[in-house]
Amino acid sequence: MNCKVIYHTTTGNTRKVAEAIAAAVGTVALPIENSPPADAADLLFIGDGFYAGTVHKEMKEFIKSLKGSSIKKAAVFSTFGGQDKANAVLKKLLGDQGIPVAPECFSCPGKAWWIFNRKHPTGQELSAAKDFALKLAKSQQLATLKETGVFP
Ligand SMILES: Cc1cc2nc3c(=O)[nH]c(=O)nc-3n(C[C@H](O)[C@H](O)[C@H](O)COP(=O)(O)O)c2cc1C
């Protein structure tokens, strides 16, 4: 199964989550600035931090570029200072481009301005991110096998 993990980060928190997810599904996490256009994937994990009430503008542009791509399913993840709202924004942006989005998503606090959430993401949160990714990858793999007729 073709799994991709793409993220944006300003201060490094979302990269930690992205790398945990990538390790769980056996791929490499790519920052959006180094990512080739994600034109096809069975499952695309896509994540960002939350900045001034929204996701980063580079992420918004990247998601727009996904219109018309062959992404079978996207799953979102994020880190935040105090407002756990980035996943809803990511889901809406992806949905607006016609990309099917898994209802399941992952988020956790991320260290902000040296004082808030100082120890986040924690090891426990990163391990929860891995569990989230594995569970989704397994269910998407099953869906792909059913689609191709391998499983009835
Ligand atoms: C410029 C800036 C603006 C932020 N604005 C918000 C915000 O509006 N709400 C919030 O909950 N967290 C906010 N945060 C905290 C980040 O969402 C949090 O630290 C997140 O983990 C950052 O992800 P990153 O390390 O991957 O860039 C902000 C952080 C920065 C640097």
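(A) Examining helix H4 (residues 123–147) more closely. For H4, built from 25 residues, the straight-helix expectation of 36 Å at 1.5 Å per residue is met to within 8% by its first-to-last C-alpha distance of 36 Å. Of the surrounding elements, those touching the buried residues of H4 are helix H1 (13–25), strand S4 (43–48), strand S6 (74–80) and strand S7 (106–109). Directly beyond the C-terminal end of H4, a positive phi value near 85° is found at Gly149.

(B) Quick peek at unusual backbone geometry. Omega for the peptide link from His120 to Pro121 comes to -5°, which places this bond in the cis form. A positive phi angle is found at Ala52, which is not glycine, with a value near 45°. Within the secondary structure layout, Ala52 lies in the loop between S4 and helix H2 (57–64). The exposure class assigned to Ala52 is exposed, which follows from its relative accessible area of 88%.

(C) The pairing of S6, seen in detail. Taken across its 7 residues, S6 has 7 buried, putting it largely inside the fold. Of the two faces of S6, the one carrying Ala74, Val76, Ser78 and Phe80 and the one carrying Ala75, Phe77 and Thr79 are both buried. One ladder, built from 5 bridges, connects S4 with S6; its direction is parallel. Pairing of Leu44 across the sheet is with Ala74, part of S6. In this structure, S6 lies alongside S7, joined through 4 bridges in parallel fashion. Across the sheet, the residue bridging to Thr79 is Cys108, located in S7. The parallel pair S6 and S7, bridged by helix H3 (residues 86–96), forms a crossover whose chirality is right-handed.

(D) Expanded view of the pattern of salt bridges. Per the counting criterion, the structure on display carries 2 salt bridges. Among the ionic pairs, Asp42 bridges to Lys72, the shortest N-O distance being 3.0 Å. Highlighted residues: Asp42 in the loop between strand S3 (40–41) and S4 and Lys72 in the loop between strand S5 (70–71) and S6, separated in sequence by 30 residues. Look at Lys72 and you get partly exposed, because its relative accessible area is 32%. For the salt bridge of Asp96 with Lys92, the shortest nitrogen-to-oxygen distance reads 2.9 Å. Placement of both Asp96 and Lys92 in helix H3 is noted, with a separation of 4 residues, approximately one turn of the helix. For Asp96, a relative accessible area of 45% corresponds to the partly exposed category.

Conventions and cut-offs
- Residues numbered from 1 in each chain as written.
- Predicted model: local features only at pLDDT ≥ 70, side-chain atom pairs only at ≥ 80, totals over all residues.
- Heavy atoms only, no water.
- Helix = DSSP H or I, 4+ residues; strand = E, 2+ residues; numbered from the N terminus.
- Expected span 1.5 Å × (residues − 1).
- Contact = heavy atoms within 4.5 Å.
- Buried < 20%, exposed > 50% of the residue type's maximum accessible area, 1.4 Å probe, protein only.
- Pairing = 2+ DSSP bridges.
- Right-handed = clockwise from strand over helix to strand, strands pointing away.
- Salt bridge = Lys/Arg side-chain N within 4 Å of Asp/Glu carboxyl O.

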